[in-house]
Amino acid sequence: MSERVVHGIRIRRLRLHADGRTYDVDFRGPADAPRPLSIIAGAFGTGKTTILEFVDYCLGASDHPRHPAITPKVRAATLEIELSGTPYLIERAVGEPSTFAYVCPGRLDETGTATPERRPLRPAGAANSLSSLLLSHCKLEGVRLRDGRTEAGAVTDPLSFRDLMWLCFLPSERLDDRNLLFENVPMKHLKLRQVVDVVFDVHNDRAIELGRRIGALELRLGEAHQAHRAASELVAEVEPAGRDELAGLERAAKAELAACAQATAALDERARSDTRFAEELRERHREAGGAARVAAALLRDRETQAQRMTSLRATYADDVSKLVMLAEAGNLFPPMRLDVCPSCLTPIPAGVTACENCGEAPAGPPDVGAELRSARARLTELTEYLDELEREIPRLRVAAARAQEVEARAAAEVDAATAHAVTPYLAQRDALARRREDAATTLQRAVDGLRLTGVVHRRLALVEHLESQLGTLRDELFAVLTPAGERTAVVERVGGRYRDILREWHFPRAGDARLAEDLTPYTRDEPYTAASSGGRTLIALAWQLALFEIAWEERSSHPGFLLLDSPQKNLGAGEDAVTDRIYRHIERWLAGGGAGAQIVVADNAPPPTVASDVVVRFSRRADRPPYALIDDDIA
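Residues numbered from 1 in each chain as written. Predicted model: local features only at pLDDT ≥ 70, side-chain atom pairs only at ≥ 80, totals over all residues. Heavy atoms only, no water.

**Points about the packing of helix H10 (residues 487–504) against helix H11 (residues 533–553)**
Okay, so step 1: Across the interface, H10 lies against H11 with an axial gap of 8 Å and an inter-helix angle of 130 degrees. With respect to each other, H10 and H11 are oriented oblique. In this structure, the crossing between H10 and H11 has a hand that is right-handed. Across from Arg 493, Val 494, Arg 497, Tyr 498, Ile 501 and Leu 502 in H10, the residues of H11 making contact are Leu 538, Ile 539, Ala 542, Trp 543, Leu 545, Ala 546, Leu 547, Glu 549, Ile 550 and Glu 553.
Okay, so step 2: Taken together, the residues of the contact of H10 with H11 break down into 12 nonpolar, no polar and 4 charged. (Axes fitted to C-alpha atoms, helices over the stretch in contact; angles between N-to-C directions. Helix = DSSP H or I, 4+ residues; strand = E, 2+ residues; numbered from the N terminus. Parallel < 35°, antiparallel > 145°, perpendicular 65-115°, else oblique. Left-handed = near helix turned anticlockwise from the far one by under 90°. Contact = heavy atoms within 4.5 Å. Nonpolar A, V, L, I, M, F, W, Y, C, P; charged D, E, K, R; others polar.)

**So, the sheet that holds strand E12 (residues 521–523)**
Okay, so step 1: One open sheet holds the 3 strands; their spatial order is E11-E12-E13, and the pairing between them is antiparallel. Each end of this open sheet is capped by a strand with a single partner; those strands are strand E11 (514–515) and strand E13 (526–527).
Okay, so step 2: Alignment of E11 against E12, held across 2 bridges, turns out to be antiparallel. Among the inter-strand pairings, Arg 514 is bridged to a residue of E12, identified as Tyr 522. (Pairing = 2+ DSSP bridges.)

**Things to note about H10**
Okay, so step 1: A rise of 1.5 Å per residue sets the reference length of H10, with its 18 residues, at 26 Å; its end C-alpha atoms lie 26 Å apart and thus fit the reference within 8%.
Okay, so step 2: Looking only at H10, the buried set comprises Arg 487, Val 490, Val 491, Val 494, Gly 495, Gly 496, Arg 497, Tyr 498, Ile 501 and Leu 502.
Okay, so step 3: Close packing links the buried residues of H10 with helix H5 (186–199), E11, E12, H11 and helix H12 (576–591).
Okay, so step 4: Just downstream of H10, His 506 is the residue with a positive phi angle, here 65 degrees. (Expected span 1.5 Å × (residues − 1). Buried < 20%, exposed > 50% of the residue type's maximum accessible area, 1.4 Å probe, protein only.)

**Some remarks on the pattern of salt bridges**
Okay, so step 1: On inspection of all chains with the given rule, the structure shows 37 salt bridges.
Okay, so step 2: The salt bridge involving Arg 487 is made with Glu 517; its shortest N-O contact spans 3.3 Å. Of this pair, Arg 487 sits in helix H10 while Glu 517 sits in the loop between E11 and E12, placing them 30 residues apart in sequence.
Okay, so step 3: Given the relative accessible area of 13%, Arg 487 is considered buried.
Okay, so step 4: The partner of Glu 549 in a salt bridge is Arg 497, and the shortest N-O contact between them spans 2.8 Å. On the criterion of sequence distance, the pair formed by Glu 549 in helix H11 and Arg 497 in helix H10 is long-range, its members being 52 residues apart.
Okay, so step 5: Overall, the relative accessible area of 1% leaves Glu 549 in the buried class. (Salt bridge = Lys/Arg side-chain N within 4 Å of Asp/Glu carboxyl O.)

The following block contains the structure:
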């Protein structure tokens, strides 16, 4: 039973990150362990399916939900899961779908977690991919699937965790669309059968596949041993202290820093208490300082104005000179005489000032008198203002210098009056500063040392994990030499459970239910596609649960969790008894043969009998929180 507890993957918490806040869903029970059954309840459009889709996204799906309430607010999603019993965090960006995930051991809201590791989503077969990490905790890392059915020379593709999610997530659209086994896409349909065979250890070339995976793991284990030895030697040379000693140093240094801060605050308070007699001098110094700042600001303002006005006066003087020159040019040079009218081209006789035909007269010299008078007036005003500034600035300089002298004398009086009271505290402050510096140095050394030892610890954990995987694969290789059963026997066992589930749900003629060799579910000697929409929903649920239950009970390579979306779809308002039977079956199995497994259900209105398994219930009513997953998006 202990192996089941740590086997595979379990979902603990989901957190969506927005600007300044988060949206959380907790799948843990009272003992901080994942709940066997978690139900997400609530009205339509409140985010139930969105939660399952974000879980799927954090586990490597190519895209995330894009509802109007999600995209403007959510910036990232973090999934806290257990990988073979150890808590891990998987974070992916939200917006443009990311092509990688950040993974690290730890829990949400836990300080001091390890540095996240960047894992790409593709290629799925890469050793550092997210898929390889997840598959390694399902005993499936390195498995390859054939492109063809039985050809010995067929090209193979690495198994992806996305393929395995077909057995872990039953979305609403697969419940009744006559495409439960991806019949509309032949290659995907074939791959689903291969994935089932892999999970139940009955796929072709099992012994060869195990040998290849063992060889690859032995190579990785050798590299991991070498990396661990190199890191251990480096850490032993740089930091001889052990992890426990460094942790003790870190705690002691933090305590010392806190004590220094308290002692410094107390010392400052005593110093202020002992120098209260100089409050009048301090007040005088503050007033003198304020007066000095005002005087300096006033002087700076006047000097700035003088610089700007001087430049402006030069501009106006230049304009006056140009206007005077233009006026004198009109007096010196007579106006131009026209021989031909520029408008009608009629000759103009000498001595005539206007055209006799159209009355057009040549333009005379421009009149700049008004502009010249205005420019001279502005120049006079600027000159007077500048003269006033030049008379005021020397006085302001003297006033600013005197204010600074008064401030300096006030500061000297404060120092002279308080020196005898403050001096005894200076040595104590110096001692506290040295203690604080020593504690900070010790803390930095401890943090750096813990970081180094953490690298060694993580590499040792990798070595132990690979050794465990290698031992498991060797045991499987030994067991496969004496086959525990063929594929037909597996299909019969799953088909028997499928039939039992339908019979338990009182499905009509459930005794005739069976699975074909290609895993297609049948009832009444007809494929599931011939059933009604409500019947297809029950058949799909029974088929998915049968695969999950048998895989878990036989300790196969299934991850150990199942996501179900909208199990009451198409059942109608009068099918409460059927709904009760569905949940009773799930609860009974999880308490018996399914102990250690995990099922998460998104349902609009689960029956009252499973109220204790509801982890969140969205009301879509502002007066009954939580309103929805995005609880501040209230229309």
